[in-house]
Amino acid sequence: MASIQPYLNVPDFIVNGLKDGSMFRTGGVIQETANGQIVAWLREAGDLDGDRAFAESLSGIAGTGTGATGFMFGAAAMFLPFALSVYHTRQSEKRVYDKVANLIEREFWSDRMARYNAARDDFNRAYHVSKMEEKLHKLRLARDRLGEVQYPIYDELDRLQSRSRLNEKDGERAFYMHMIAMTLHRMVTICYLELDEPEVAKMTLEEAVTKHEPYIRAFVRKRIGLDSSAHQAVWQHPDKNLIFAKYASLSSFKHYIQLTDWLGGSGYNILPKRTDSQLSSIVRFATDSWATKDFDSLMTGQRFLQVILPQVYAAIENLDRLRGISLKVSITAFPGLTYFQWEEFEQKAAGDHRGVVTFVDEDKVSRWQKLRAKLRRERGSSVAKL
């Protein structure tokens, strides 16, 4: 049986492990870098809406690897909670739903989202009925309807993200459609867990993460303009280093470069290959300053810092949280306990604490600490021989 210890903050050894790279965070799950083993997980306790202290606690534990916690919390109200509790999922779903209802065109909302309204009603009513048979019936209805409503949501994302660049209106709509899609996946997972089908819940959530990641990557590319002709012209210009040199001290440019790294490499390497005639045309665009002016307006404008970056980092963080939940659902912390029995244990352990509660697998951390000590001794021995 695992030995699980709750801490009402983030222990120093985890903070240090994240800083030195021997651990990493995936949403609310802390893993060993060496083998991916889960050593701890975070749970939000109390009412954390708009809690700046909570934002600061995340800032101290390595964020998403992009060093952008402050930007992520520009959209903090729409963050999915770390835990998969029914209450927190329903609360975040309501916030997202209310926001997106005001953004999506009336025709789309009244027609294609009608099924979503029915599904969320079934999901919410399942927790207000006392008879178990009726509760299970509502959960099955919600599960099936939520599964169906994925299609119009992803159709809408396909439409919004079909262009090379997301304007303000479509960018905001796409952002909230991403939030609603990821909340939907969480609700489906809860339905399967409540119906005592943990393996199906795990498989469904893993499939959801796999399906949604390409959509998030497309959102990031198009929101920061990487697919636009102007950015392609700059990245593929022979003097791009000279063009970029003037932005080296700007935080906006540093985050732009970090995001291209997150997407899989430098902007040049991840752009589609061009023919000689296309490259000639691109260089001419940049030389004529059309492209460089467009790039300059983005890097030096407040909109990039205040609107685009918060949305992009919040989308990435929410995907990580969904991935972290998928990892956590796969854990059997105590053999013989259902997920919701474990959920009840977590709630009792958290008590009335406000902030982040860290649940640590002491056995796995002990093995990790022994391995680190062994590596340090071996490294010291090698240095002594030199």
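For the structure itself, look to the data block above.
These numbers were taken from a predicted model, which means no experiment stands behind them.

Q: So, the environment of Val357: which residues are in play, and what are the values?
A: One can find Val357 in strand 5 (residues 355–361). For Val357, a relative accessible area of 0% gives the class buried. Residues contacting Val357, with those up to four places away along its chain left out, are Pro6, Tyr7, Leu8, Trp41, Leu42, Arg43, Ala45 and Ala350.

Q: Explain unusual backbone geometry to me, and be specific about the residues and the numbers.
A: One non-glycine residue, Asp196, lies in positive phi territory at about 60°. With respect to the element layout, Asp196 can be found in the loop between helix 8 (168–194) and helix 9 (198–223). A residue is classified by how much of its surface remains accessible, and Asp196, at 57% relative accessible area, is exposed.

Q: For the pairing of strand 5, give the residues involved together with the corresponding values.
A: The element strand 5 is extensively covered by neighbouring structure, given that 7 of its 7 residues are classed as buried. The pairing of strand 4 (residues 38–45) with strand 5 spans 6 bridges and is classified as antiparallel. Among the inter-strand pairings, Ala40 is bridged to a residue of strand 5, identified as Val360.

Q: Requested: an account of the environment of Ala349, with residues and values cited.
A: Looking at the element boundaries, Ala349 is found in helix 16 (residues 339–350). Note: C-alpha distance between Ala349 and Gln5 (344 residues apart in sequence) is 9.1 Å. Look past the residues within four positions of Ala349 in its chain and what remains in contact with it is Pro6, Leu8 and Phe359.

Q: Requested: an account of the pairing of strand 4, with residues and values cited.
A: With 8 of 8 residues buried, strand 4 lies mostly within the body of the structure. Summarising the sheet, strand 3 (residues 29–32) and strand 4 pair through 3 bridges and their orientation is antiparallel. Residue Gln31 lies in a different strand from strand 4, and its bridge partner there is Ile38. As consecutive antiparallel partners, strand 3 and strand 4 are separated by 5 residues, and within that stretch Gly36 has a phi angle of approximately 75°, a positive value.

Q: Requested: an account of the pattern of salt bridges, with residues and values cited.
A: Applying the stated criterion to the full structure yields 24 salt bridges. With a closest N to O distance of 3.6 Å, Asp122 and Lys138 form a salt bridge. Remark: Lys138 occurs in helix 7 (residues 132–160) and Asp122 occurs in helix 6 (residues 114–125); sequence separation between them is 16 residues. Take Asp122 and Lys138: they sit in the same class, and that class is buried. Note that Arg221 and Asp227 form a salt bridge whose closest N and O atoms lie 2.5 Å from each other. For Asp227, a relative accessible area of 16% gives the class buried. Three or more residues are tied together by salt bridges with common partners; here these are Arg25, Glu44, Glu317 and Arg321.

Q: Break down the packing of helix 8 against helix 9 for me, with residues and values.
A: The geometry of helix 8 relative to helix 9 is characterised by a closest axis approach of 9 Å and an angle of 170° between their N-to-C directions. Of the possible angle classes, the one that applies to helix 8 and helix 9 is roughly antiparallel. Each residue belonging to the contact of helix 8 with helix 9 can be placed in one class, and the counts come to 15 nonpolar, 6 polar and 3 charged.

Each value, and the rule that gives it
- Residues numbered from 1 in each chain as written.
- Predicted model: local features only at pLDDT ≥ 70, side-chain atom pairs only at ≥ 80, totals over all residues.
- Heavy atoms only, no water.
- Helix = DSSP H or I, 4+ residues; strand = E, 2+ residues; numbered from the N terminus.
- Buried < 20%, exposed > 50% of the residue type's maximum accessible area, 1.4 Å probe, protein only.
- Contact = heavy atoms within 4.5 Å.
- Pairing = 2+ DSSP bridges.
- Salt bridge = Lys/Arg side-chain N within 4 Å of Asp/Glu carboxyl O.
- Axes fitted to C-alpha atoms, helices over the stretch in contact; angles between N-to-C directions.
- Parallel < 35°, antiparallel > 145°, perpendicular 65-115°, else oblique.
- Nonpolar A, V, L, I, M, F, W, Y, C, P; charged D, E, K, R; others polar.

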